[in-house]
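Observations on chain architecture
Next come the chains, spelled out residue by residue.
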Amino acid sequence: MSTYQIGVDEAGKGPVLGPMVAAAVRAEEGDLPGEVGDSKQLTAATRESIAAELRDAPGVEVGVGVVTTDEIDDPETDMNSLTVAAQVRALGDVATDGDHALVDAGDVSESRFARRVADGVADAGTDTEGGVAIDVTAEHGADESNPLVGAASVVAKVERDSRIDALDEEYDGDIGSGYPSDPTTREFLADYVDRHGELPACARASWATCEDVLAAAEQADLGAF
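About the cut-offs
Residues numbered from 1 in each chain as written. Predicted model: local features only at pLDDT ≥ 70, side-chain atom pairs only at ≥ 80, totals over all residues. Heavy atoms only, no water. Salt bridge = Lys/Arg side-chain N within 4 Å of Asp/Glu carboxyl O. Helix = DSSP H or I, 4+ residues; strand = E, 2+ residues; numbered from the N terminus. Buried < 20%, exposed > 50% of the residue type's maximum accessible area, 1.4 Å probe, protein only. Pairing = 2+ DSSP bridges. Axes fitted to C-alpha atoms, helices over the stretch in contact; angles between N-to-C directions. Disulfide = S-S within 2.5 Å. Expected span 1.5 Å × (residues − 1). Arc of directions from axis to C-beta. Contact = heavy atoms within 4.5 Å. Core = buried A, V, L, I, M, F, W, Y, C linked by side-chain atoms within 4.5 Å. Polar contact = N/O pair within 3.5 Å; in protein donor to acceptor, adjacent residues only side chain to side chain.

1. Here's the deal with the pattern of salt bridges
Following the criterion strictly, the structure yields nine salt bridges and no others. Across the pair Arg26 and Asp99 runs a salt bridge, and its minimum N-O distance is 2.7 Å. In this pair, Arg26 sits in strand β2 (residues 20–26) while Asp99 sits in the loop between α3 (79–92) and β4 (100–104), placing the two residues 73 residues apart along the sequence. When its relative accessible area of 21% is taken as the criterion, Arg26 is described as partly exposed. By relative accessible area, which is 4% here, Asp99 ends up buried. Residue Glu159 is joined to Arg55 by a salt bridge in which the shortest nitrogen-to-oxygen separation is 3.9 Å. Of this pair, Glu159 sits in helix α6 (residues 147–170) while Arg55 sits in helix α1 (residues 44–56), placing them 104 residues apart in sequence. Judged by its relative accessible area of 19%, Glu159 falls in the buried class. Within this structure, Arg26, Glu61 and Asp99 form a network of salt bridges that share partners.

Here it is in structure tokens:
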């Protein structure tokens with residue numbers, strides 16, 4: 001029997017477009033698809049197939065937590081805290097008292113990150129319903145070493161990709177992967193600012209990429225005089 005009942009991971013921490021998404025998978029490891037592994041090493045089609053199988057499996061529970069671009073741009077917070085928040089939201093969908101969750105660490109200190117996630121789940125109750133007391137272990141690279149976290153990695157990546165696909169349709173064009181290193185994403189941002197004079201709502205305005213795009217547009221305007 002596995003030491004852990006739940007695995008948790010997130011996707012979309014570094015992109016300049018769209019939300020960050022965390023997923024929690026509660027299952028016996030024997031109920032997981034054999035192909036489960038770090039989502040970055042799988043094809044998109046394989047990830048989608050695994051995610052669908054996980055959601056349909058009777059012995060598997062899946063939770064998702066989303067952090068919006070507005071939350072990411074809030075100057076009062078930071079990415080470590082937001083990663084905790086995303087994982088806490090995902091865990092809230094599936095965790096029960098006494099569970100032991102293994103989460104992919106989003107902090108240089110694994111123990112600190114684990115403590116913050118456990119505290120967040122315990123404090124996440126409503127006025128009529130208290131939080132859940134669980135044990136949390138955080139490890140760097142847990143998505144590569146543990147099947148439960150690998151499964152969560154797949155679900156988080158598929159959910160994040162589906163939201164990027166929806167944004168692509170919303171903006172009637174190719175927004176790319178949403179990562180700052182993607183030339184298509186940078187071109188989308190530059191074209192949008194050129195046409196509208198502001199960043200799209202899906203952009204993380206506090207990211208350096210957005211600041212660079214706005215600065216370039218301002219410089220171009222000045223050069224026109």
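Past the structure itself, the notes keep going.
2. Remarks on the sheet that holds β2
Pairing is mixed across the open sheet formed by five strands, whose spatial order is β3-β2-β1-β4-β5. If you trace the sheet from one side to the other, it starts and ends with β3 (61–67) and β5 (135–139), each paired once. Neighbour-to-neighbour, the strand axes of the sheet open up by a mean angle of 20 degrees, direction not taken into account. For β2 and β3, the ladder comprises seven bridges, and the chain directions are antiparallel. Directly across from Val25, in β3, lies its bridge partner Val62.

3. Things to note about the pairing of strand β1 (residues 6–11)
Of all six residues that make up β1, six are buried, and the element is covered over most of its length. Burial of the side chains of β1 extends over both faces: Ile6, Val8 and Glu10 are buried on one face and Gly7, Asp9 and Ala11 on the other. Sheet topology note: the β1/β2 ladder contains six bridges and is antiparallel. Its bridge partner being in β2, Gly7 is matched across the sheet by Val25. Alignment of β1 against β4, held across three bridges, turns out to be parallel. Among the inter-strand pairings, Gly7 is bridged to a residue of β4, identified as Leu102.

4. So, the state of the cysteines
What the rule picks out here adds up to zero disulfides. Unpaired in terms of disulfides, Cys202 finds its nearest cysteine sulfur in Cys210, a separation of 8.6 Å.

5. Observations regarding α1
The end-to-end C-alpha separation of α1 is 18 Å, in line with the 18 Å expected for 13 residues at 1.5 Å each. Those residues of α1 that sit buried are Arg47, Ile50, Ala51 and Leu54. With its buried residues spanning 100 degrees around the axis, α1 presents them on a single face. In α1, those exposed residues whose orientation departs by more than 90 degrees from the buried face are Ala45 and Asp56. Where α1 is buried, its residues meet β3 and α6.

6. Some points on the pairing of β5
For a regular strand, side chains alternate in direction, first toward one face of the sheet and then toward the other. Taking every second residue as pointing to the same face, the buried face of β5 carries Val136 and Ala138, while none of Asp135, Thr137 and Glu139 on the other face is buried. Looking at chain direction, β4 and β5 are connected through five bridges and run parallel. Residue His100 lies in a different strand from β5, and its bridge partner there is Asp135.

7. Considering the nonpolar core
Residues Ile6, Leu17, Leu91, Val117, Phe188 and Leu189 are the most contacted members of the largest nonpolar core, which totals 42 residues. Looking at this core, the element that brings in the most residues is α3, giving six residues. One finds Ala51, Leu54, Ala151 and Ala156 within the second-largest nonpolar core, a separate group that totals 23 residues.

8. Thoughts on α6
The end-to-end C-alpha distance of α6 is 35 Å, a good match for the 34 Å that 24 residues give at a rise of 1.5 Å each. The N-capping residue of α6, defined by a side-chain oxygen 2.9 Å from the backbone nitrogen of Leu148, is Asn146. Taken from the residues just after α6, Asp172 is the one with a positive phi, measuring 55 degrees.

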